[in-house]
There are 2 protein chains.
Amino acid sequence: MGNGMTGKGRVTIREVAERAGVSMATASRALSGNHPVPAATRARVLRAARDLDYVANAHARALVGGGRKMAAVVVRQVTSPFYAQVAEGVEAEAADRGWLCVVGATGGDPQREMEFVQLMREEGARLVILVGGVVEDDAYRSRVARYAQALDASGGRLVLCGRPAPGPDVPALVVEFDNEAGAKAITAHLLSAGHRRIVFLGALPGNTALDARVAGYRAALAEHGLEDEAAHVVDCGLGRAAGLRAMGELLKGPRDFTAVVAGDDMVAAGALRAIAEAGLRVPEDVSVVGYNDIPLAEDFDPPLTTVRTPAEELGRAAVRIALRDPERAAGTHHLLGTHIVVRRSVSSPGGSS
Amino acid sequence: MGNGMTGKGRVTIREVAERAGVSMATASRALSGNHPVPAATRARVLRAARDLDYVANAHARALVGGGRKMAAVVVRQVTSPFYAQVAEGVEAEAADRGWLCVVGATGGDPQREMEFVQLMREEGARLVILVGGVVEDDAYRSRVARYAQALDASGGRLVLCGRPAPGPDVPALVVEFDNEAGAKAITAHLLSAGHRRIVFLGALPGNTALDARVAGYRAALAEHGLEDEAAHVVDCGLGRAAGLRAMGELLKGPRDFTAVVAGDDMVAAGALRAIAEAGLRVPEDVSVVGYNDIPLAEDFDPPLTTVRTPAEELGRAAVRIALRDPERAAGTHHLLGTHIVVRRSVSSPGGSS
DNA sequence: TGGGGCTTTGAAAGCGTTTTCGTGCCGGAC
DNA sequence: GTCCGGCACGAAAACGCTTTCAAAGCCCCA
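Reference entry: report on the structure contained in this document.

Calculation criteria
For every chain, the first residue of the written sequence is number 1, and numbering continues from 1 along that sequence. Whichever chain is written first becomes A and whichever ligand is written first becomes 1, with later ones labelled in order. Selection of residues for local features in this predicted model requires a pLDDT of at least 70, selection of side-chain atom pairs for listing and counting requires 80 or more, and totals for whole chains, interfaces and linings are taken over all residues. Each side-chain value is worked out from all heavy atoms of the structure, with water and hydrogens disregarded. Helix numbering and strand numbering both begin at the N terminus, where a helix is a DSSP run of H or I of at least 4 residues and a strand a DSSP run of E of at least 2. Partly exposed describes any residue whose relative accessible area lies between the buried limit of under 20% and the exposed limit of over 50%, with all areas from a 1.4 Å probe on protein chains only and scaled to the type maximum. Residues counted as positive are Lys and Arg, residues counted as negative are Asp and Glu, and His and the chain ends are not counted. Here, a salt bridge means any Lys or Arg side-chain nitrogen found within 4 Å of an Asp or Glu carboxyl oxygen. Think of a polar contact as two N or O atoms within 3.5 Å of one another; within protein, one of them needs to be a possible hydrogen donor and the other a possible acceptor, and neighboring residues in sequence only count if both atoms come from side chains. In what follows, a contact means two residues having at least one pair of non-hydrogen atoms within 4.5 Å. In this analysis, the expected span of each helix is defined as 1.5 Å times one less than the number of residues it contains. What makes a nonpolar core is a set of buried Ala, Val, Leu, Ile, Met, Phe, Trp, Tyr and Cys residues whose side-chain atoms join them at distances within 4.5 Å. Here, a strand pair is defined by DSSP locating no fewer than two bridges between the strands. Working convention: axes come from line fits to C-alpha atoms, limited for helices to the stretch in contact. Angles between N-to-C directions cover 0 to 180 degrees. Least squares is the method used to superpose the copies, on C-alpha atoms of residues holding a pLDDT of at least 70 in both. In this text, near means that some heavy atom of the residue lies within 4 Å of the molecule or strand in question. Under this grouping Gly is polar, as are all residues other than the nonpolar Ala, Val, Leu, Ile, Met, Phe, Trp, Tyr, Cys and Pro and the charged Asp, Glu, Lys and Arg. Crossover handedness is defined by viewing with both strands directed away from the observer: a clockwise path from the first strand over the helix to the second marks the crossover as right-handed. Classification of ring pairs rests on two measures: the distance between centres of Phe, Tyr or Trp rings, Trp counted by its six-membered ring, which must be within 6.5 Å, and the angle between planes, read as stacked under 30 degrees, edge-to-face over 60 and tilted in between. A positively charged side chain is recorded as over a ring if its NZ (Lys) or CZ (Arg) lies within 6 Å of the ring centre. The angle to the ring normal must also be within 35 degrees.

With respect to the side chain of Asp265(B)
Residue and element names in this part refer to chain B.
Part 1 of the argument: Mapped onto the fold, aspartate 265 is located in helix H11 (residues 265-277).
Part 2 of the argument: Of the side chains bearing the opposite charge, arginine 343 lies closest to the buried aspartate 265, which forms no salt bridge; the N-O distance is 6.5 Å.
Part 3 of the argument: There is a polar contact of 2.7 Å between the side chain of aspartate 265 and the backbone nitrogen of tyrosine 291.
Part 4 of the argument: Beyond its immediate sequence surroundings of up to four residues, aspartate 265 is in contact with Gly290, Tyr291, Asn292, Asp293, Ile294, Ala297, Phe300, Leu304 and Thr306.

Encoded structure:
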């Protein structure tokens, strides 16, 4: 494969042009295809480029072309199954359109988030997708408003996935699952199995995604004619460790519930383990449902009944919607549907007790 | 927050310079800090930049500065827990050094891998990290040799994580776990629990990582004085589905084994389920061990005894080593250690049967 | 007072590409 | 035979920044 590498630096279009015996302008036209070029000339240039192993300098290209197609997706951590799937969706949809996609992890630190967004602005990202629940406070609102305006000013676009828009006048797009409907549906599933005393484990006041799920849970209860006092919400936050601990606490007290709706599958994983450690069985003694249907949910013991949120589709939808209408449909809110997947962690309470 | 956004385009350094009453050169010096500038002048420039919400154009900067600090990590898919952790490690270490990190997913398709590497060359990535097992054939070797040489020619560096180097003269770095030692240790763990008939589930001939694990398994057997015929290797490949199917097949035949070493945790997850579906219990009837210790391994039923491969550390090590000595220590091979984490999926075979 | 170094600053030269503008040329219409 | 439209192509400008080069100002000592 006779590579024509001469020295250190990269091969430039000038060298390609010289070898092909044309001017840089013609070489550029032949290579980028932006302007018609006679087939013979074109072939000569392409041949020369291949011989020299020429790769265009994306920086120079972006500099003159006024930016480049690049999307950035920002998640708390890549190792969370849900975030990873969203990121994969964004990546896939971006790749399909020939866009470059970079993903950044913040570890939940607003400082790192700001740094990363700043970096993306420098790099000329035209699409920044912030995914994942956060606590919505004033700092959050002003921060996101700033991002949105800055991006908007330079022709970019901000998308919030599962995050609230800070205000109606902020030029950001919101794409998320219908958390309220999902939680309502899975709670109704429990209710129609006969459960009446159901606890919601893993709320996180201020996190809009979780708040919506709690609202859905309450709505289902209300629709079944239960008083609001029947609701029992444990604010332990997300994560397996939180679920393990909170469920352990709960089981120390009187067992005045027959089912638990977990804030997400990881909380459910913790709850499952806590229940097992207390010598109880799922679903005979307690029914448990999760949220998100992470890939391993069917390997839990027992396989978990949960709400499937097609996370990859969320990522794809985010870029699809953002790129659809360039005419700034600012502040629009898109809700994606979810559905229940029934496995073996729910039974009728009549069976035991 | 009086932002000085005037129109559409981005604010340039020229406008900052004008507002601060200095030349572009001085503004550049003050902003980039590459050259000393009197404190007073510097403050004026910084003030102007802040007022105008100036962000440097990374493309222009990279163009004149001869590239930019950017690393690319290429994995099969981001949603695999192991790859995700490696990517997170790379991202973290890169971020610590002020590098930008791009992650690409190939879905295992060499075509997409090539496209992505090409794109990274255009973008001027100085570090490309290919992670994940592959089947090593001629196409693979020539492909990787090409990447390595191309990157090397333009001052970049190729790192292979858990992949074989295509040859000793190829300017690539290899960083991986000591798969042979890990598999040997976990097999020895089974042997010292009394198991003698152990099957290895999930081999994939040609994949060097798996091949090394199989070698470690055989070595442990040999060290315990077992003939090589005692080895029973099932070539079903990786993934939960493969484990589920292969284990199911195995259980249809005579049960001539008491323990299984899975190629990785996902295979173990499949095996666990297959065993449960056959009405058998782990570890009473069959002991199972995995490989990698993914985050959910302790939530399996039963919690899985496995080999912990600190994946994030692998990612960090890859960039650390690659950046350590610029003087091209080509072809060097770095092995990272692993250790066993004991949970509850192993018991002595004496108990039952 | 003059001159040698040091600091501060600005003008301008690139970096590698795309694109505009202009020139030369050819074929066809008159 | 002349003129005009269109095609092929090259020269040069532009993109936004960093950095070199040189000039100007300053301080200090002889």
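Still more ground to cover, so stick around.
Here's the deal with the environment of Arg143(A)
All names here are of chain A.
Part 1 of the argument: Positionally, arginine 143 belongs in helix H7 (residues 138-153).
Part 2 of the argument: Separated by 29 residues in sequence, arginine 143 and methionine 114 have C-alpha atoms that sit 8.0 Å apart.
Part 3 of the argument: Excluding residues within four positions of it along the chain, arginine 143 makes contact with Pro110, Glu113 and Met114.

As for helix H5 (residues 81-96) of chain B
Residue and element names in this part refer to chain B.
Part 1 of the argument: In this model, H5 (16 residues) spans 22 Å end to end at C-alpha, consistent with the 22 Å of a helix rising 1.5 Å per residue.
Part 2 of the argument: Along H5, the residues classified as buried are Phe82, Tyr83, Ala84, Val86, Ala87, Glu88, Gly89, Val90, Glu91, Ala92, Glu93 and Ala94.
Part 3 of the argument: Backbone geometry just after H5 places glycine 98 at a positive phi near 75 degrees.

Points about the nonpolar core
Within soluble globular proteins, side chains that are nonpolar tend to cluster in buried spots.
Part 1 of the argument: If you look at the biggest cluster of nonpolar residues, it comprises 58 residues, and the most contacted ones within it are Ile129(A), Val159(A), Ile129(B) and Val159(B).
Part 2 of the argument: When neighbours within four sequence positions are excluded, Val159(B) is seen to be in contact with Leu127(B), Val128(B), Ile129(B), Leu130(B), Leu173(B), Val175(B), Ala318(B) and Ala322(B).
Part 3 of the argument: If you look at the next biggest cluster of nonpolar residues, it comprises 51 residues, including Val260(A), Ala274(A), Leu296(A) and Ala269(B).

Notes on the sheet that holds strand S7 (residues 232-234) of chain A
Residue and element names in this part refer to chain A.
Part 1 of the argument: With respect to topology, four strands assemble into an open sheet ordered S7-S6-S8-S9, the strand pairing being parallel. The open sheet has two edge strands, S7 and strand S9 (287-289), and neither has a second partner. When the angles between neighbouring strand axes are averaged without regard to direction, this sheet yields 20 degrees.
Part 2 of the argument: Pairing of strand S6 (residues 198-201) with S7, which is carried by three bridges, proceeds in the parallel orientation. Note that in S7 the partner of phenylalanine 200 across the bridge is valine 233.
Part 3 of the argument: Helix-sheet contacts for helix H9 (residues 208-223) involve S6, S7 and strand S8 (259-262), and the interaxial angle to S6 is about 175 degrees.

Quick word on the relation of the copies chain B and chain A
Part 1 of the argument: Take chain B, turn it by 180 degrees, move it 0.1 Å along the axis, and it overlays chain A with an RMSD of 0.1 Å. What the superposition gives is, in effect, a two-fold axis relating one chain to the other.
Part 2 of the argument: A share of 100% of the interface residues of chain B reappears at the interface of chain A, consistent with the copies meeting face to face through the same patch.

Quick look at the protein's contact with DNA strand C
Part 1 of the argument: DNA strand C sits among 24 residues. The nearest are Ile13(A), Met24(A), Ser28(A), Tyr54(A) and Thr26(B).
Part 2 of the argument: At the protein interface, 63% of the atoms of DNA strand C within 4 Å belong to sugar or phosphate.
Part 3 of the argument: The separation between a phosphate oxygen of DNA strand C and a polar side-chain atom of Asn34(A) is 2.9 Å.
Part 4 of the argument: Within the side chain of Arg61(A), one N or O atom sits 2.9 Å away from a phosphate oxygen of DNA strand C.
Part 5 of the argument: Mapped onto the surface near DNA strand C, the elements with two or more residues apiece are helix H2 (24-32) and helix H4 (58-65) of chain A together with helix H2 (24-32) and helix H4 (58-65) of chain B.
Part 6 of the argument: Here the surface near DNA strand C takes five residues from H2(A), the largest share from any one element.
Part 7 of the argument: Of the residues contributing to the surface near DNA strand C, the split by class is 13 nonpolar, eight polar and three charged.

Remarks on the protein's contact with DNA strand D
Part 1 of the argument: The local shell around DNA strand D holds 23 residues, among which Ser23(A), Ile13(B), Ser28(B), Tyr54(B) and Arg61(B) are the closest.
Part 2 of the argument: A share of 63% is what sugar and phosphate atoms reach among the atoms of DNA strand D within 4 Å of the protein.
Part 3 of the argument: In this structure, a base oxygen belonging to DNA strand D sits 2.9 Å away from a side-chain N or O atom of Arg29(A).
Part 4 of the argument: One of the side-chain nitrogen or oxygen atoms of Ser28(B) is found 2.6 Å away from a phosphate oxygen of DNA strand D.
Part 5 of the argument: The set of elements that each furnish at least two residues to the surface near DNA strand D consists of H2 and H4 of chain A together with H2 and H4 of chain B.
Part 6 of the argument: The element that contributes the greatest number of residues to the surface near DNA strand D is H2(B), accounting for five residues.
Part 7 of the argument: Grouping the constituent residues of the surface near DNA strand D by class yields twelve nonpolar, eight polar and three charged.

A short note on the pairing of S6(A)
Residue and element names in this part refer to chain A.
Part 1 of the argument: The alternating pattern of S6 places Ile198 and Phe200 and Val199 and Leu201 on opposite faces, both of which are buried.
Part 2 of the argument: Examined bridge by bridge, S6 and S8 share four bridges and lie parallel to one another. Its bridge partner lying in S8, isoleucine 198 is registered against alanine 259.
Part 3 of the argument: With H9 bridging S6 and the parallel S7, this β-α-β connection has right-handed handedness.

Side note on the environment of Gln85(B)
Part 1 of the argument: Mapped onto the elements of the fold, Gln85(B) is located in helix H5.
Part 2 of the argument: Considering only alpha carbons, one finds Gln85(B) and Val55(B), 30 residues apart in sequence, at a separation of 32 Å.
Part 3 of the argument: The contacts of Gln85(B), once residues within four sequence positions are left out, are Thr79(A), Pro295(B), Ala311(B) and Glu312(B).

Brief notes about the pattern of salt bridges
Part 1 of the argument: Considering all chains together, one arrives at 43 salt bridges over all chains under this definition.
Part 2 of the argument: For Glu93(A), the salt bridge is made with Arg316(A), and the minimal N-O distance between the two is 2.8 Å. On the criterion of sequence distance, the pair formed by Glu93(A) in helix H5 (residues 81-96) and Arg316(A) in helix H12 (residues 311-324) is long-range, its members being 223 residues apart. One exposure class covers both Glu93(A) and Arg316(A), and it is buried.
Part 3 of the argument: As a salt-bridge pair, Arg240(B) and Asp299(A) come within 2.5 Å of each other at their nearest N and O atoms. Of the two residues, Arg240(B) is situated in helix H10 (residues 240-252) and Asp299(A) in the loop between S9 and strand S10 (306-308); the pairing between them involves two chains.
Part 4 of the argument: You can call Arg240(B) buried: its relative accessible area is 14%.
Part 5 of the argument: Judged by relative accessible area, Asp299(A) falls into the buried class, the value being 6%.

Quick look at the packing of aromatic side chains
Part 1 of the argument: Here the structure, examined in full by the defined rule, presents six aromatic pairs over all chains.
Part 2 of the argument: Relative to Tyr83(A), the ring of Phe82(A) has its centre 6.2 Å away and its plane inclined at 55 degrees; by these criteria the two rings are tilted. Here the two residues Phe82(A) and Tyr83(A) agree in accessibility, since each one is buried.
Part 3 of the argument: Seen from their ring centres, Phe82(B) and Phe177(B) are 6.4 Å apart, and the 55 degrees between their planes marks the pair as tilted. Taken together, the residues Phe82(B) in helix H5 and Phe177(B) in strand S5 (residues 172-177) connect sequence positions 95 residues apart. Across the pair, Phe177(B) and Phe82(B) agree in class, each one buried.
Part 4 of the argument: Through successive ring pairs, a cluster of aromatic residues spans Phe82(A), Tyr83(A) and Phe177(A).
Part 5 of the argument: Above the ring of Tyr291(B), the side-chain terminus of Arg213(B) is found at 3.9 Å from the ring centroid.

Quick look at the sheet that holds strand S3 (residues 127-131) of chain B
All names here are of chain B.
Part 1 of the argument: Spatial ordering of the open sheet is given by S2-S1-S3-S4-S5-S11, a layout of six strands whose pairing is parallel. Both edges of this open sheet fall to strand S2 (100-105) and strand S11 (333-336), since each of them pairs with a single strand only. Strand-to-strand twist of the sheet, defined as the mean angle between neighbouring strand axes without regard to direction, takes the value 20 degrees.
Part 2 of the argument: Here S5 runs beside S11; their pairing, made up of four bridges, is parallel.

That is the geometry; function is a separate question.
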